[in-house]
Amino acid sequence: MKFLNLTRRTEIGANSYYLEIGGHRLVLDCGMHPKNTGEDALPHLKAIAGRDIEAIVISHAHQDHIGTLPVVMRQFPRARVFMTQGTAEVGSVLLHNSVNVMTRQREEIGEAAYPLFTHRETDKASERWRWCPLRQRISIAGERASQRERDALTFEFFEAGHVLGSTGILLRAEGKTIFYTGDVNFDDQTIMQAAIFPQEKIDVLIMECTRGDHAKPEGWSRAGEEHRLAEALGRAFDRGAGVLIPVFALGKTQEVLAMLYKFRRHRLLPEFPIYIGGLSSKMTNIYDRRTHTTRRQLPRLQLMKEVAPFILNEETIRDAPLRAGRVYALSSGMMIPNTLSNVFARRLIENPQHSIFFVGYANPESPAGVLREAGTGGEVALDPDKPPQRVRCHIEQFQFSAHATRETLIEYARKISPRKIVLVHGDPPAVEWIRAELHTDLPKTDVIVPAPGAEVEL
């Protein structure tokens, strides 16, 4: 049983992992780094060049987990590709959007390798994806497997509570079990319900560490945080502010729209216009289509119909007036240059009338992370090609992460008490905190922080 971390650094980047188990070779996830470009945006695929990969199993459709799937499929054309139907629907939209972004970047930054794949290749790739139901053992050949099967390699998807279609992946072979959490949330969100993960004996746990360097605030509850957001919006509207909320197109947009729906329905706030981006609207339509086929809160809520957001795109964002009493929930969540949230932020950060509300994770080195750290009164360059700006707008932060708290991650690890734990998907301080905590709490468990590109014998 072997493991190879294909993510280039210990970070939240181009997540991808190679596993060799029971004589079979497979890849878990194949993401694109949200900040890097060209070769640096890819997983370290040269480390597995020439190996016969039989399967690629995708946990969910965020860019950092699925963004280079067509590239990996091209390199390993015989590999079967497995995911949930929700992930397939979202993933196809995301990858086509990625082609558009890379094509634009080829001209803007002179990245000759872009686009890494085409629309046609994305369509051809998606035709080979196999949709798998939750809680059903599937063989590596793509067939339903018997519950009594112990020797052949099988996998099973478990709901991860992160975004639509997200899963943890349980692998079984030769009487051994490996569980990969993917991105997980053990608490209910506004739409997504908490993860339902296996409680059986696990030999090896591959666990994400996103929030390892942030303690859960004392007394925090999602209901309380929603109320705090509603009050902050009310104060902003009272002083004539427009409010920018940087969001991820998948997951965070839909959660924010559901919160804004609740605020209006419960009359915590008056009616107010809401704006989202074009990619966000496509993702929200998928959420609406799958309302009755997925486990979720507010099961009857049709976001596009009942919240009725206005849609902005790359052209209209530059001309859209910045008005009081409006919420602009725009991607990207990390405010990458040339995205809607970045373009819009550069228009408002020097104006003390307006506000930016952060509601989730942002890489500390991303424009969103830099802006959060600078705060009101600081100076930032949100786009490296533009001059720095003085931050005069109001900045507030809220905790609506779609990732598990470090406390619930530790609790789950304690509960299943695996023989080995492999820590992935976290910046170094986050990984180190969880490693130290597990070392103390589970002294009989071997806790591994896999060096990128180095093969680990499990």
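Anything mentioned here points back to the structure above.
Worth saying up front: this structure is predicted, and the values here are computed from it rather than measured. Numbering of residues begins from 1 in every chain and follows the order in which that chain's sequence is written. This being a predicted model, a pLDDT of at least 70 is required before a residue's local features are given, and a value of 80 or more before pairs of side-chain atoms are given or counted; all residues contribute to the totals for chains, interfaces and linings. As a rule here, side-chain values cover all heavy atoms of the structure and leave hydrogens and water aside.

Caption draft 1: Main features of the overall build of the protein. Along its length, the protein carries 13 helices and 22 strands. In summary, the protein has a C-alpha radius of gyration of 22 Å against a globular reference of 23 Å for 458 residues, a match within 12%. For the protein, the spread of C-alpha atoms along the three principal axes comes to 65 × 50 × 40 Å. By definition, residues are in contact when any of their heavy atoms lie within 4.5 Å. Expressed as a percentage of contacts within the protein between residues at least 6 apart in sequence, the contacts between residues at least 24 apart total 72%. Numbering of helices and strands runs from the N terminus, with a helix taken as a DSSP run of H or I at least four residues long and a strand as a DSSP run of E at least two residues long. Throughout, the radius of gyration refers to the C-alpha atoms, and the reference size of a globule is 2.2 Å times the residue count to the power 0.38.

Caption draft 2: Region of interest: helix H7 (residues 278-289). One less than the number of residues in a helix, times 1.5 Å, gives the span that helix is expected to have. End to end, H7 covers 17 Å across twelve residues, agreeing with the expected 16 Å (1.5 Å per residue, within 8%). Along H7, the positions that sit buried rather than exposed are Leu279, Ser280, Ser281, Met283, Thr284, Ile286, Tyr287 and Asp288. As for H7, its buried residues are in contact with helix H3 (85-109), helix H6 (252-265), strand S13 (274-277), helix H8 (303-306) and strand S14 (310-312). Whether a residue is buried, partly exposed or exposed follows from its accessible area with a 1.4 Å probe, protein chains only, as a fraction of its type maximum: under 20%, in between, or over 50%, in that order.

Caption draft 3: Spotlight on the sheet that holds strand S19 (residues 394-397). Reading across from one edge, S14-S13-S15-S12-S16-S19 is the order of the six strands in this open sheet, with parallel pairing throughout. Edge positions in the sheet fall to S14 and S19, since each has one partner strand and no second. Averaged over all adjacent pairs, the angle separating strand axes in this sheet is 25 degrees, with direction ignored. Only strands that DSSP links by at least two bridges are regarded as paired with each other. Pairing geometry for S13 and strand S15 (residues 327-330), over three bridges, is parallel. By the bridge assignment, Ile274 is partnered in S15 with Val327. Axes, fitted as lines to C-alpha atoms, cover a helix only where it is in contact. Angles between the N-to-C directions of the axes lie from 0 to 180 degrees. The strands that H6 touches are strand S12 (243-246), S13 and S15; relative to S13, the one it contacts most, it runs at about 170 degrees. Lying on the sheet, H7 is in contact with S13 and S14; it crosses S13 at an angle near 95 degrees.

Caption draft 4: Fine view of the sheet that holds strand S6 (residues 129-131). Strand order across the open sheet formed by seven strands is S6-S5-S4-S3-S2-S1-S22, with mixed pairing between neighbours. Two strands lie at the open edges of the sheet, namely S6 and strand S22 (455-457), each paired on one side alone. Strand-to-strand twist across the sheet, computed as the mean angle between neighbouring axes with direction ignored, equals 25 degrees. The pairing of strand S5 (residues 80-83) with S6 spans three bridges and is parallel. Directly across from Met83, in S6, lies its bridge partner Trp131. Contacts from H3 reach S5 and S6 within the one sheet, and its direction differs from that of S6 by about 145 degrees.

Caption draft 5: Main features of the nonpolar core. Residues grouped as a nonpolar core are buried Ala, Val, Leu, Ile, Met, Phe, Trp, Tyr and Cys residues, joined through side-chain atoms within 4.5 Å. If you look at the biggest cluster of nonpolar residues, it comprises 75 residues, and the most contacted ones within it are Ile56, Leu69, Trp129, Leu233 and Phe357. In terms of residue count, H6 provides more of this core than any other element does, seven residues in total. In contact with Phe357, not counting residues within four places along its chain, are Leu229, Ala232, Leu233, Ala236, Val243, Leu244, Ile245, Pro246, Glu396 and Phe398. Counting 27 residues, the second largest nonpolar core, distinct from the first, contains Tyr17, Leu19, Ile21 and Val422.

Caption draft 6: Region of interest: the pattern of salt bridges. For this document, the term salt bridge refers to a Lys or Arg side-chain nitrogen within 4 Å of an Asp or Glu carboxyl oxygen. Going through the model one piece at a time under the given rule, you end up with 29 salt bridges. A salt bridge links Arg406 to Glu407; its shortest N-O distance comes to 3.8 Å. Of the residues examined, Arg406 reaches a relative accessible area of 12% and is grouped as buried. With a closest N to O distance of 2.5 Å, Asp441 and Arg414 form a salt bridge. Note that Asp441 is positioned in helix H13 (residues 428-441) and Arg414 in helix H12 (residues 406-416), a separation of 27 residues in sequence. Here the residues in one salt-bridge network are Lys2, Glu20, Arg25, Arg51 and Glu455, joined through shared partners.

Caption draft 7: Layout of helix H10 (residues 340-348). The buried count for H10 comes to eight of nine residues, which makes it a mostly enclosed element. Buried within H10 we find Leu340, Ser341, Asn342, Val343, Phe344, Ala345, Arg346 and Leu348.

Caption draft 8: Spatial organisation of the packing of H3 against H7. Put simply, H3 and H7 touch, their axes get as near as 10 Å, and they point 170 degrees apart. One finds that H3 runs roughly antiparallel with respect to H7. Contact residues: Glu89, Val90, Val93, Leu94 and Asn97 in H3; Leu279, Lys282, Met283, Ile286 and Arg289 in H7. In the contact of H3 with H7, the residues fall into six nonpolar, one polar and three charged. When describing relative orientation, an angle under 35 degrees is termed roughly parallel and one over 145 degrees roughly antiparallel, while 65 to 115 degrees is termed roughly perpendicular and anything else oblique. By the convention adopted, Pro, Cys, Tyr, Trp, Phe, Met, Ile, Leu, Val and Ala count as nonpolar, Lys, Arg, Asp and Glu as charged, and the other residues, Gly among them, as polar.

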